[in-house]
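Architecture and fold: a report
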Amino acid sequence: MNKVILMGRLTRNPDIRYSQGERATCVARYTLAVNRRFRRDGEQDADFINCVAFGRQGEFAEKYLKQGTKIVISGRIQTGSYTNREGIKVYTTDVVVEEQDFAESKAAAAGYQQNAYQETPAPQPTMTSRPAPSEAVSDGFMTIPDGIEEELPFI
């Protein structure tokens, strides 16, 4: 089985190209910076993984992804080789993207972009009053208060 799941941030905007021919296919290439779990001497380490997305996944990357966007991808590893202009054989390893999803909310992404080179402490959750179950509307569902997203741990 050849299956890869990665979460990281784009190191630059995707490189978008279209194949030639009767039915042009979008090809998006980008690099993900994936943090390593273990740190050496307290320093953050990352791996830089080359990814390629074809067709609809490439069009999604073209439309929505940009430098700094945190995404989760799944796909497969593909290796290859070519001879460069100097006659040297170059080996490549790419992740061919099968699925890609955002890994953070727009608000978190905006905060990351604003503080990209500054370390800031994580925001502390605030306590807000939630509606009692008796405050359910006539269809039986409770109304969700504005701002609740900040309290949820999985956003």
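Criteria and cut-off values
Residues numbered from 1 in each chain as written. Predicted model: local features only at pLDDT ≥ 70, side-chain atom pairs only at ≥ 80, totals over all residues. Heavy atoms only, no water. Helix = DSSP H or I, 4+ residues; strand = E, 2+ residues; numbered from the N terminus. Contact = heavy atoms within 4.5 Å. Areas by Shrake-Rupley, 256 points an atom, 1.4 Å probe, with all protein chains shown as cover. Buried < 20%, exposed > 50% of the residue type's maximum accessible area, 1.4 Å probe, protein only. Arc of directions from axis to C-beta. Salt bridge = Lys/Arg side-chain N within 4 Å of Asp/Glu carboxyl O. Phe/Tyr/Trp six-rings, centres within 6.5 Å; stacked < 30°, edge-to-face > 60°. Core = buried A, V, L, I, M, F, W, Y, C linked by side-chain atoms within 4.5 Å. pLDDT = per-residue confidence, 0-100. Pairing = 2+ DSSP bridges.

1. Re the overall build of the chain
- Across its full length, the chain holds two helices and six strands.
- For the chain, the succession of helices and strands along the chain, N to C, is β-β-β-β-α-β-β-α.
- Considering only residue pairs separated by 6 or more positions, the chain has 57% of its internal contacts joining residues 24 or more positions apart.
- As presented, the chain carries roughly 12,200 Å² of accessible surface, and 50% of it is formed by carbon and sulfur atoms.

2. Observations regarding helix H1 (residues 55–64)
- Residues Gly55, Gly58 and Ala61 constitute the buried set of H1. Along the axis of H1, the buried positions cluster into a sector of 115°, meaning they face one direction only. Among the exposed residues of H1, those oriented more than 90 degrees off its buried face are Arg56 and Lys63.
- Buried positions along H1 lie against strand E2 (15–18), strand E3 (26–35), strand E4 (46–54) and strand E6 (89–102).

3. Topic: the pattern of salt bridges
- All chains considered together, the criterion is met by seven salt bridges.
- Note that arginine 29 and aspartate 94 form a salt bridge whose closest N and O atoms lie 3.7 Å from each other. Note that arginine 29 is positioned in strand E3 and aspartate 94 in strand E6, a separation of 65 residues in sequence.
- Each of the salt bridges in this network shares a partner with another, and the network as a whole consists of Lys3, Arg76 and Glu98.

4. Some remarks on the environment of alanine 108
- Looking at the element boundaries, alanine 108 is found in helix H2 (residues 106–114).
- The sequence separation of alanine 108 and lysine 70 amounts to 38 residues, and the corresponding C-alpha distance is 9.7 Å.

5. Thoughts on the packing of aromatic side chains
- Tallied over the full model, the rule gives three aromatic pairs.
- On the numbers, 6.5 Å between centres and 85° between planes, the contact of tyrosine 64 with phenylalanine 102 is edge-to-face. Highlighted residues: tyrosine 64 in helix H1 and phenylalanine 102 in strand E6, separated in sequence by 38 residues.
- Classification of tyrosine 64 by relative accessible area gives partly exposed; the value is 42%.
- Exposure remark for phenylalanine 102: the relative accessible area of 43% places this residue in the partly exposed category.

6. Looking at the nonpolar core
- Residues Leu6, Tyr30, Leu32, Cys51, Ile71 and Ile73 are the most contacted members of the largest nonpolar core, which totals 15 residues.
- The element contributing the most residues to this core is E3, with four residues.
- Excluding residues within four positions of it along the chain, leucine 6 makes contact with Leu32, Val34, Ile49, Ile71, Val72, Ile73 and Val95.

7. Comments concerning the confidence of the model for the chain
- For the chain, the average pLDDT comes to 81, and 72% of its residues sit at 70 or higher.
- Residue range residues 119–137 is modelled with pLDDT below 50. Its contacts to residues more than four positions away, or to other chains, number 15 contacts.

8. Quick look at the environment of alanine 109
- Relative to the elements of secondary structure, alanine 109 occurs in helix H2.
- By relative accessible area, which is 23% here, alanine 109 ends up partly exposed.

9. Thoughts on the pairing of E3
- With eight of 10 residues buried, E3 lies mostly within the body of the structure.
- Examined bridge by bridge, strand E1 (residues 4–10) and E3 share two bridges and lie antiparallel to one another. When the bridges of E3 are listed, leucine 10 appears paired with leucine 32.
- By the bridge criterion, four bridges tie E2 to E3 in an arrangement that is antiparallel.

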